[in-house]
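Residue-level structural notes
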Amino acid sequence: MEDVLSVYQRDFAADTVLVGMDETSKQQTKETRTPLAVRSGQPAIDDFEYERNGTANLFMVCAPLAGWRPVKVTDRRTRQDFAELLQDLVDDYFPNKKIVLVMDHLNTHKLSVLYDRYEPAARIARQIAVH
């Protein structure tokens, strides 16, 4: 924990960006009944019955010092999805910058996933410092 706190207190050079990442899984639902019309002066009436409609994985990414916070939505939570997120960070969002990545220790959150997915994995991994 001390390592993460010290990372947030650093002065970053112009060619370095601090990025925080976490992920969550969300259940997708759909209504099974048509909602009742709202009447003036009455609170809305909701029916809490629903039908499961799958799940989605959300990669929550934030560069607090750059004012940047996208969400990448995937159908599942796999090593390949995480590798694609890292590749997006390096090639699309922060090209030519060193990325200081703060994330948790989930089993799929390792730079080694790049070697399963990309041929030039070392190029991507060299640009990321993990905390």
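These notes cover the structure that comes with them. (Residues numbered from 1 in each chain as written. Predicted model: local features only at pLDDT ≥ 70, side-chain atom pairs only at ≥ 80, totals over all residues. Heavy atoms only, no water.)

1. Quick look at the nonpolar core
Counting 23 residues, the largest nonpolar core has Val19, Ile99 and Leu101 as its most contacted members. Elements supplying a minimum of two residues to this core: strand 1 (16-31), strand 2 (50-62), helix 2 (79-93), strand 4 (98-102), helix 3 (113-117) and helix 4 (121-126). When neighbours within four sequence positions are excluded, Leu101 is seen to be in contact with Val19, Met21, Leu86, Leu89, Ile128, Ala129, Val130 and His131. (Core = buried A, V, L, I, M, F, W, Y, C linked by side-chain atoms within 4.5 Å. Buried < 20%, exposed > 50% of the residue type's maximum accessible area, 1.4 Å probe, protein only. Helix = DSSP H or I, 4+ residues; strand = E, 2+ residues; numbered from the N terminus. Contact = heavy atoms within 4.5 Å.)

2. Observations regarding the pairing of strand 1
Direction of pairing for strand 1 relative to strand 4: parallel, over a ladder of 5 bridges. By the bridge assignment, Gly20 is partnered in strand 4 with Val102. (Pairing = 2+ DSSP bridges.)

3. Considerations on helix 2
For helix 2, with 15 residues, the first-to-last C-alpha span of 20 Å sits near the 21 Å given by 1.5 Å per residue. Along helix 2, the residues that are buried comprise Asp81, Phe82, Ala83, Leu85, Leu86, Gln87, Asp88, Leu89 and Val90. (Expected span 1.5 Å × (residues − 1).)

4. Side note on the sheet that holds strand 4
Read across the sheet, 5 strands follow the order 3-2-1-4-5 without closing on themselves; strand pairing throughout is mixed. Bordering the open sheet on either side are strand 3 (71-74) and strand 5 (128-130), each of which pairs with just one other strand. Across the sheet, the mean angle separating the axes of adjacent strands is 30° when strand polarity is ignored. Here strand 4 pairs with strand 5 via 3 bridges, running parallel. Across the sheet, the residue bridging to Val100 is Ala129, located in strand 5. Running at roughly 40° to strand 2, helix 2 makes contact with strand 1, strand 2, strand 3, strand 4 and strand 5 of the sheet. (Axes fitted to C-alpha atoms, helices over the stretch in contact; angles between N-to-C directions.)

5. Digging into the side chain of Asp81
Looking at the element boundaries, Asp81 is found in helix 2. Given a relative accessible area of 3%, Asp81 falls into the buried group. Asp81 has contacts with Phe59, Thr74 and Arg76, leaving out every residue within four places of it along the chain.

6. Quick word on the environment of Pro64
With respect to the secondary-structure elements, Pro64 resides in the loop between strand 2 and strand 3. Excluding residues that lie within four positions of it along the chain, Pro64 makes contacts with Tyr8 and Leu18.

7. Describing the packing of aromatic side chains
Applying the stated criterion across every chain yields a total of 3 aromatic pairs. Both rings, one in Phe59 and one in Phe82, keep their centres 6.5 Å apart while their planes meet at 35°; by these two values the pair is tilted. Placement of the pair is Phe59 in strand 2 and Phe82 in helix 2, with a sequence separation of 23 residues. Taken individually, Phe59 and Phe82 each receive the classification buried, so the pair is uniform in this respect. (Phe/Tyr/Trp six-rings, centres within 6.5 Å; stacked < 30°, edge-to-face > 60°.)

Shape is all these values report; function is a separate question.
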